[in-house]
Structure formats: structure tokens, C-alpha cells
Amino acid sequence: MRGGEQTKITNCAVYPGSFDPITFGHISVVRRALKIFDRIIVAVAINTSKRNTFSVTERVRMMRKIFQGEKDVEVASFSGLLVDYVRQKGAQAILRGIRTMTDFDYEFQMALANKSLDPRVEQVFMMTEGKYLYYSSSIIKEIVALGGSVREMVPAIVEVNLRKKLWKTQTRTAR
Ligand code: PNS
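Each value, and the rule that gives it
- Think of each chain on its own: its residues are numbered from 1, step by step along the sequence as written.
- The predicted origin of the model limits local features to residues at a pLDDT of at least 70 and limits the giving and counting of side-chain atom pairs to 80 or more, whereas totals for whole chains, interfaces and linings rest on all residues.
- Hydrogens are left out, water is left out, and the side-chain values use all remaining heavy atoms of the structure.
- Definition of nearness: a residue and a molecule or strand are near each other if at least one heavy atom of the residue lies within 4 Å of the molecule or strand.
- Polar contact is the term for a pair of N or O atoms within 3.5 Å; when the atoms are in protein, one must be able to donate a hydrogen and the other to accept it, and sequence-neighboring residues count only if both atoms are side-chain atoms.
- Methods summary: accessible areas were calculated by the Shrake-Rupley approach with a probe of 1.4 Å, and residue burial reflects only the protein chains presented.
- In DSSP terms, a helix is any run of H or I states spanning at least four residues, a strand is any run of E spanning at least two, and both are numbered starting from the N terminus.
- Charged means Asp, Glu, Lys or Arg here, nonpolar means Ala, Val, Leu, Ile, Met, Phe, Trp, Tyr, Cys or Pro, and polar covers whatever is left, Gly included.
- We call a residue buried when its accessible area falls under 20% of the maximum for its residue type, exposed when it is over 50%, and partly exposed in between, using a 1.4 Å probe and counting protein chains only.
- Note on contacts: a residue pair is in contact if any heavy atoms of the two residues lie within 4.5 Å.
- To be clear, the arc concerns the directions from the helix axis to the C-beta atoms.
- Strand pairing is defined by DSSP finding a minimum of two bridges between the two strands.
- Axis lines are fitted through C-alpha atoms, for helices just across the contact stretch, and the angle between N-to-C directions can take any value from 0 to 180 degrees.
- The term nonpolar core refers to a set of buried residues drawn from Ala, Val, Leu, Ile, Met, Phe, Trp, Tyr and Cys, joined through side-chain atoms within 4.5 Å.
- Aromatic rings from Phe, Tyr and Trp, with only the six-membered ring used for Trp, were paired whenever their centres fell within 6.5 Å, and each pair was classed as stacked if the ring planes differed by under 30 degrees, edge-to-face if by over 60, and tilted otherwise.

A.B. asks: Can you help me understand the site of the ligand in this one?
C.D. replies: Near the ligand, the surroundings consist of 13 residues, among which Ser 18, Lys 50, Leu 82, Arg 96 and Tyr 106 are the closest. Measuring from an oxygen atom of the ligand, one finds a side-chain N or O atom of Lys 50 at 2.8 Å. Note that an oxygen atom of the ligand is positioned 2.9 Å from one of the side-chain N or O atoms of Arg 96. Protein contacts shield 75% of the accessible area of the ligand, which totals 540 Å² for the unbound molecule. At the level of elements, β1 (12-17) and α4 (101-117) are the ones that each hand at least two residues to the shell around the ligand. No other element matches α4, which puts three residues into the shell around the ligand. When grouped by side-chain class, the residues that make up the shell around the ligand number seven nonpolar, four polar and two charged.

A.B. asks: Please explain the side chain of Arg 59 as it appears in this structure.
C.D. replies: Mapped onto the elements of the fold, Arg 59 is located in helix α2 (residues 56-66). Residue classification places Arg 59 among the buried positions, given a relative accessible area of 3%. Not counting residues within four places of it along the chain, the set of residues in contact with Arg 59 comprises Ser 18, Phe 19, Asp 20, Val 44, Ala 45, Asn 52 and Phe 54.

A.B. asks: Sorry if this is basic, but what is going on with helix α5 (residues 137-145) here?
C.D. replies: Residues separated by three or four positions in an α-helix point in the same direction, a consequence of the helix having 3.6 residues per turn. Burial in α5 covers these residues: Ser 137, Ile 140, Lys 141 and Val 144. Viewed end-on, α5 has its buried residues packed into an arc of 100°, placing them on one side of the element. Opposite the packed face of α5, turned more than 90 degrees from it, sit the exposed residues Ser 138 and Glu 142.

A.B. asks: Looking at this structure, how should I read the sheet that holds strand β2 (residues 39-45)?
C.D. replies: Sheets are built from strands paired through backbone hydrogen bonds, the pairs being either parallel or antiparallel. Across the sheet, which stays open at both edges, the five strands sit in the order β3-β2-β1-β4-β5 with parallel pairing between neighbours. Looking at strand neighbours, the two that pair on one side only are β3 (73-78) and β5 (122-127), the edges of this open sheet. Neighbour-to-neighbour, the strand axes of the sheet open up by a mean angle of 30°, direction not taken into account. Note that β2 and β3 share six bridges and pair parallel. Bridging from a neighbouring strand, Ala 43 pairs with Ala 76 of β3. Lying over the sheet, α4 contacts β4 (93-98) and β5, oriented at roughly 170° with respect to β4.

A.B. asks: Looking at this structure, how should I read the nonpolar core?
C.D. replies: Here is a general trend for soluble globular proteins: nonpolar side chains tend to be buried in one another's company. Tyr 15, Ile 22, Ile 40, Val 42, Phe 67 and Leu 95 are the most contacted members of the largest nonpolar core, which totals 34 residues. Counting residues per element, the ones that place at least two in this core are β1, α1 (24-33), β2, α2, β3, β4, α5 and α6 (156-174). The leading source of residues in this core is α2, at five residues. Excluding its chain neighbours within four sequence positions, the residues that come into contact with Leu 95 are Ala 13, Val 14, Tyr 15, Pro 16, Val 29, Ala 33, Ile 40, Val 124 and Met 126. Core analysis: the second largest hydrophobic core is formed by 13 residues, Cys 12, Ile 41, Leu 82 and Val 86 among them.

A.B. asks: Just to check I follow, could you spell out unusual backbone geometry for this structure?
C.D. replies: The peptide bond linking Asp 20 to Pro 21 adopts the cis configuration, its omega dihedral lying at 5°. Its place among the elements puts Pro 21 in the loop between β1 and α1. In this structure, Phe 19 takes a positive phi of about 50° despite not being glycine.

A.B. asks: Can you help me understand the packing of aromatic side chains in this one?
C.D. replies: By convention here, two paired aromatic rings are described through the distance between centres and the angle between planes. Inspection of the entire model under this criterion finds five aromatic pairs. When the ring of Tyr 15 is compared with that of Phe 19, the centres are 5.2 Å apart and the planes differ by 75°; the resulting orientation is edge-to-face. On the numbers, 5.5 Å between centres and 15° between planes, the contact of Phe 104 with Phe 108 is stacked. With Phe 104 and Phe 108 both in helix α4 and four residues apart, the pair spans about one turn of that helix. For Phe 104, a relative accessible area of 36% gives the class partly exposed. Among the aromatic residues, those joined into a ring-pair cluster are Tyr 132, Tyr 134 and Tyr 135.

Spelled out as C-alpha cells, the structure:
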């Protein structure tokens, strides 16, 4: 430290997930977590074994538009072990949102696995706000596929792209 200057230590968390697609519930977790962390890296997992509606590139592109102008939020993608990515980014923690007890079981299992892989990485869980409790990416996709509105659940850019995507899927499978 020079001349009494304070060195700012950036307190950064990686918020990993499939985000297929991102919902207002996820966005709320990011914004609330910024009260605790200086920086959040929202990281889309590249998981080839999972059938996703949007490609990783499409998800990252939409999410960058959603968070544009928010300098403390970075949107990226990663492959391989999450704990390796966290270390590579110089982050201190993994951030996840929890809605229900079912989420808790899944999160607890993943948290224990991550802890055994790298005990230095801490994991922080945020309870979802009540109004977002029932927002899940799969329910949202089903609503859109059946012609319902998800305006209250996802940003407009996501709703528009979901409609394009699910409409195409339906016509392709109908042939
Ligand atoms: O949104 P999701 O699908 O519940 O996110 C799951 C995710 C991406 C957080 C999880 O699958 C993950 O961490 N994948 C990276 C691979 C890894 O590190 N696996 C071992 C720990 S579970």
C-alpha cells in the first residue's frame, strides 16, 4: 500500500446456470447479490448432455443485452468444472438462487461436490423473492409453447425469442 492508499479488493461471485432462458427470478438474484459482491459473473454452463432451447451463444447474447450498462455484471460461458472456472476468474464465491425444498436438495448436493473439489471456494445461496417462486425456465417454455404470455416472468427480448424458437420447433415436429 502506498501513502496510506487503500487497496480495493474486489469481491466477486460467479453465478452459474443453464439460464435457458434467464428469468426475472435470476435477474433479481444478480441485482440483490450486488449488495454483497462488487462484481458478479453470470456464467452460462456449456453442457452438451443437456438439450437446451437456446444455444449458449444465443443465451449469452440475450443476457448481455439485459445487463448492458451494468458495469459490475459480466456475462460469460464456461465449460468444465465450475470450481476451476471460479479460480480462473479470480472469484471468491459461487452464487445460486433457491426457490423450494426441491431446489435445496439439488443445491446441497452440488455444493458438497464443489466443496470437496475445492474447499477454498465459498458458496452463497439467496432465497428467491416470493413473487418469483414459481418461475422456472421449463414452466415458462411450456406456457409459451401453449400460447400463453410470460411477460411478467421474463424480459421482452427473451419472450420474443422464446416465441420464435418454440413456434419453429412446433412446426418442425408437426410435419
Ligand atoms: O441452472 P442449472 O442447470 O441448475 O445449473 C447447473 C450448473 C451449471 C450450476 C451445474 O451443472 C454445474 O456446476 N456445472 C458445471 C460442471 C461441474 O462443475 N460439475 C460438478 C459440480 S456439480
